[in-house]
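Examination of the molecular architecture
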Amino acid sequence: MNIAYSPCPNDTFIFHAWAHGLVKDAPELQVTYADIDITNHLAARCEGPEVMKISYAALPHVLKDYALLPCGGALGRGCGPLLLTKETPSEQSHIHDGAMLQRKRIAVPSEMSTAYMLFRLWASTNIPGGVEEIIVMPFHEIMPAVQAGKIDAGLVIHEARFTYSAYGLHMLVDLGSWWESETGHPIPLGAIIAKRSLDREAIAAHIRASLQYAWDNPEASQAYVMEHAQELSSEVAASHIKLYVNEFSLDLGEEGFAAITTLFSGAIREGLIPDFDFNLLR
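Residues numbered from 1 in each chain as written. Predicted model: local features only at pLDDT ≥ 70, side-chain atom pairs only at ≥ 80, totals over all residues. Heavy atoms only, no water.

**Side note on the overall build of the protein chain**
Heads up, the condition is: Only DSSP runs of H or I reaching four residues or more are called helices, and only runs of E reaching two or more are called strands; each is numbered from the N terminus. Radius of gyration here is computed from C-alpha atoms only, and the compact-globule reference equals 2.2 Å multiplied by the residue count raised to the power 0.38. Partly exposed residues are those whose accessible area sits between 20% and 50% of the maximum for their type, while under 20% is buried and over 50% is exposed, using a 1.4 Å probe and protein chains only. Residue contacts follow a heavy-atom distance rule, with two residues in contact if any of their heavy atoms lie within 4.5 Å. Using the Shrake-Rupley algorithm and a 1.4 Å probe, accessible areas are obtained, with residue cover drawn only from the displayed protein chains. Two residue types count as positive, namely Lys and Arg, and two as negative, namely Asp and Glu; His and chain ends fall outside the count. Taken as the charge location is NZ of Lys, CZ of Arg, CG of Asp or CD of Glu.
A count of helical and extended segments in the protein chain gives 12 helices and 11 strands. Relative to the 2.2 N^0.38 estimate, which gives 19 Å for 282 residues, the radius of gyration of the protein chain is 18 Å and therefore close to what a compact globule would have. Taking the principal axes of the C-alpha coordinates as reference, the protein chain spans close to 55 × 45 × 30 Å. Counting across all 282 residues of the protein chain, residues that qualify as buried make up 52%. In the protein chain, of all internal contacts separated by at least 6 residues, the share reaching a separation of at least 24 is 79%. With the model as given, the accessible surface of the protein chain reaches about 12300 Å², and the carbon-plus-sulfur share is 49%. Separation of charge centres in the protein chain, based on 19 positive and 34 negative side chains, amounts to 4 Å.

**Quick word on the packing of helix 1 (residues 9–19) against helix 8 (residues 200–216)**
Formally: Axes here refer to lines fitted to C-alpha atoms; in helices the fit is confined to the stretch in contact. Angles between the N-to-C directions go from 0 to 180 degrees. For classification purposes, angles smaller than 35 degrees are called roughly parallel, those larger than 145 roughly antiparallel, those between 65 and 115 roughly perpendicular, and all remaining angles oblique. Residues are grouped as follows: nonpolar covers Ala, Val, Leu, Ile, Met, Phe, Trp, Tyr, Cys and Pro; charged covers Asp, Glu, Lys and Arg; every other residue, Gly included, is treated as polar.
Where helix 1 meets helix 8, the closest approach of the two axes is 7 Å, and the angle between their N-to-C directions is 105°. On the basis of the axis angle, helix 1 is roughly perpendicular to helix 8. From helix 1, F13, I14, F15, H16, A17 and W18 reach across to helix 8, where they touch I203, H206, I207, S210, L211, Y213, A214 and W215. Here the contact of helix 1 with helix 8 is built from residues that sort into 11 nonpolar, 3 polar and no charged.

**What to know about the side chain of S55**
For the record, the criterion: A 3.5 Å cut-off defines polar contacts: any pair of N or O atoms within that distance qualifies, except that in protein one atom must be a possible hydrogen donor and the other a possible acceptor, and neighbouring residues in sequence count only when both atoms are side-chain atoms.
Its location among the elements puts S55 in strand 3 (residues 51–55). Among the residues examined, S55 registers a relative accessible area of 2% and is labelled buried. Within the local environment of S55, its side chain forms a polar contact with the backbone nitrogen of T114, the two atoms lying 2.7 Å apart. Dropping the residues within four chain positions of it, S55 is found in contact with I36, N40, M112, S113, T114, L189 and G190.

**Side note on unusual backbone geometry**
Although it is not a glycine, D25 sits at a positive phi angle of roughly 65°. With respect to the helices and strands, the residue D25 is situated in the loop between helix 1 and strand 2 (30–33). Classification of D25 as exposed rests on a relative accessible area of 68%. At C46, a residue that is not glycine, the phi angle is positive and equals roughly 55°. Note on placement: C46 falls in the loop between helix 2 (36–44) and strand 3.

**Let's talk about the packing of aromatic side chains**
Let me state the cut-off plainly: Ring pairs shown here join Phe, Tyr and Trp side chains whose ring centres sit within 6.5 Å, with only the six-membered ring taken for Trp; geometry is labelled stacked below 30 degrees between planes, edge-to-face above 60, and tilted in between.
A complete count under the given rule lists 7 aromatic pairs for this structure. On the basis of an interplanar angle of 15° and a centroid distance of 4.7 Å, the ring pair of Y5 and F15 is categorised as stacked. Pair noted here: Y5 is in strand 1 (residues 2–5) and F15 is in helix 1, with a separation of 10 residues, a long-range link. The two residues Y5 and F15 agree in class, both being buried.

**Quick word on the packing of helix 1 against helix 10 (residues 234–244)**
At their nearest, the axes of helix 1 and helix 10 sit 8 Å apart, and the two run at 75° to each other. Judged by the inter-axis angle, helix 1 sits roughly perpendicular to helix 10. Contact residues: helix 1 offers P9, N10 and F13, while helix 10 offers A237, H240, I241 and Y244. Along the lines of polarity and charge, the residues of the contact of helix 1 with helix 10 split into 5 nonpolar, 2 polar and no charged.

Taken by themselves, the reported measurements are silent on function.
Below is the structure:
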């Protein structure tokens, strides 16, 4: 079976056992390691592997051909994207700090990402007059660009949460915390999808078995995780896993589905995505 997921520690931790033949009766995996922006576009063109990790923001665009699996993804609390600036924000609330970004240049890792969707939802009420320009660049280039003054602010994800202070940058707003305070829901980040022609229940069972193996044998995946960890320290990789791999990775449950539908309902209201049949999420 062909599968694509990122080299980030949360994905390699979850899929280590399956990728290494440690899940009983699971088919052999042919793994492609790809940034989520790449898989988002592959899924949108229906050109990717049978199973993929994509952003939740891309999900409404691919539901005709792919189904959401209720496990293996990233959805949680305290793990949202951050908006960073070189300039020290004021001590006022983020509502007032948003004025700092009026007619400024903002870098984002993808326009087809949950991070960007959350930014747009936040900016619709918190940046009077809007921004001057949105610039898409690889996420590992964003913090150096903000540090060098090439852009005014950057939207960052994943391990940047743990490392941005090393660049002398400041957090303007934690969009995950904003989302949680506004809705009370955890934040949907990355989703695992499978082509609708496949046995999705079987695939979900293999993913859950792989994750449970990782939890039961936490040291088994360490070498695999660090091999793909993009020069992260083992401490940062462990923090990344702890933050992004949780009970929602095992099963979205009703709370997870409520968070997803709330996100999409807001995005539809703001015109960020077209309306669609929410029954396709199940």
